[in-house]
Amino acid sequence: AKTLFPYTTLFRSVFFLIDVSASGTVGRRGNSKIKTLKEVAGVLAFAAIQEASHLGFVCFSDKNEKYMPPAMGKKHGYKTISEIFKLAPLASGTDLKAGLKFTLQALKRKSLVFVLSDFIDENYEDLLRALAQKHDLVVVHLQDKLETALPKMGIIPVYDPERKQTTWMNTSASAFRELLKANSSDYTQLKNQCKQWQADYVAIPAGEDFVPALVKLFNVRK
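Residues numbered from 1 in each chain as written. Predicted model: local features only at pLDDT ≥ 70, side-chain atom pairs only at ≥ 80, totals over all residues. Heavy atoms only, no water.

**Quick look at the nonpolar core**
Part 1 of the argument: Grouped together as the largest cluster of nonpolar side chains are 31 residues, with contacts concentrated most on Phe 16, Ile 18, Val 40, Phe 114, Leu 116, Val 140 and Ile 204.
Part 2 of the argument: Of all the secondary-structure elements, those providing two or more residues to this core are strand S1 (13-19), helix H1 (33-50), strand S4 (54-60), helix H2 (74-86), strand S6 (111-117), strand S7 (136-143), strand S10 (200-205) and helix H6 (211-220).
Part 3 of the argument: The element best represented in this core is H1, accounting for 8 residues.
Part 4 of the argument: Those residues in contact with Val 40, other than ones at most four positions away along the chain, are Leu 116, Val 140, Ile 204, Phe 210 and Leu 214.
Part 5 of the argument: In terms of nonpolar packing, the next biggest core, distinct from the first, is built from 23 residues, Phe 15, Leu 104, Tyr 124 and Ala 199 among them. (Core = buried A, V, L, I, M, F, W, Y, C linked by side-chain atoms within 4.5 Å. Buried < 20%, exposed > 50% of the residue type's maximum accessible area, 1.4 Å probe, protein only. Helix = DSSP H or I, 4+ residues; strand = E, 2+ residues; numbered from the N terminus. Contact = heavy atoms within 4.5 Å.)

**Thoughts on the pairing of strand S5 (residues 64-71)**
Part 1 of the argument: Sheet analysis places S4 next to S5, joined by 5 bridges and oriented antiparallel. Directly across from Cys 59, in S5, lies its bridge partner Lys 66.
Part 2 of the argument: Between S4 and S5, which pair antiparallel one after the other, the connecting turn spans 3 residues. (Pairing = 2+ DSSP bridges.)

**Remarks on unusual backbone geometry**
Part 1 of the argument: Backbone geometry places Asn 123, a non-glycine residue, at a positive phi of 60°.
Part 2 of the argument: Structurally, Asn 123 is set in the loop between S6 and helix H4 (125-134).
Part 3 of the argument: On the accessibility criterion, Asn 123 (61% relative accessible area) is exposed.
Part 4 of the argument: For Gln 198, which is not a glycine, the phi torsion comes out positive at approximately 60°.
Part 5 of the argument: Positionally, Gln 198 belongs in the loop between helix H5 (174-196) and S10.

**Focus: the side chain of Thr 80**
Part 1 of the argument: As for its placement among the helices and strands, Thr 80 is situated in helix H2.
Part 2 of the argument: Given a relative accessible area of 0%, Thr 80 falls into the buried group.
Part 3 of the argument: Those residues in contact with Thr 80, other than ones at most four positions away along the chain, are Leu 55, Phe 57 and Met 68.

Structure below.
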């Protein structure tokens, strides 16, 4: 059986690959995906500190925004949490592939790796699978209900924070409804892929209580 931070027989680092691209700014009433993502990372990092773990992270958009290599000690651990929370990304795009490649190259020893993202990108699956094969992978999938269950509201402006463009969309049109359905299908596919790769998967709803989902993850890994 595995625990969330399994160090009793083989010492390993805990590493966070964190998506801070502009798509994370989506959310309601100030509860964006990126805000929730940082809170989740903070809780997990604090748990790692209590286990006296080596702790590190890289935040990425379409470039590496901030990297702290794994190191041990509470001072380093608390600095890690502080750096994650205060980070203001300079770029807006997403390049999950580059983030995964960087992590695969940076981590020389088998580690517990958390990938925190909304996974709005393409052609990253092979690298994610490689990460699962080399490390103990936990996929933390940040979601917002608006991306899969937007109500029919007729024609409305939809702002793309990564491209910084506004497009008028007919939310009642069948083509738009099919797009939402496809997004939901992509989420299911990612979950199924993680199961095939023997990686853990947890879906976190933006702006909602994520503690039950993390508790379930802890219990699964016991």
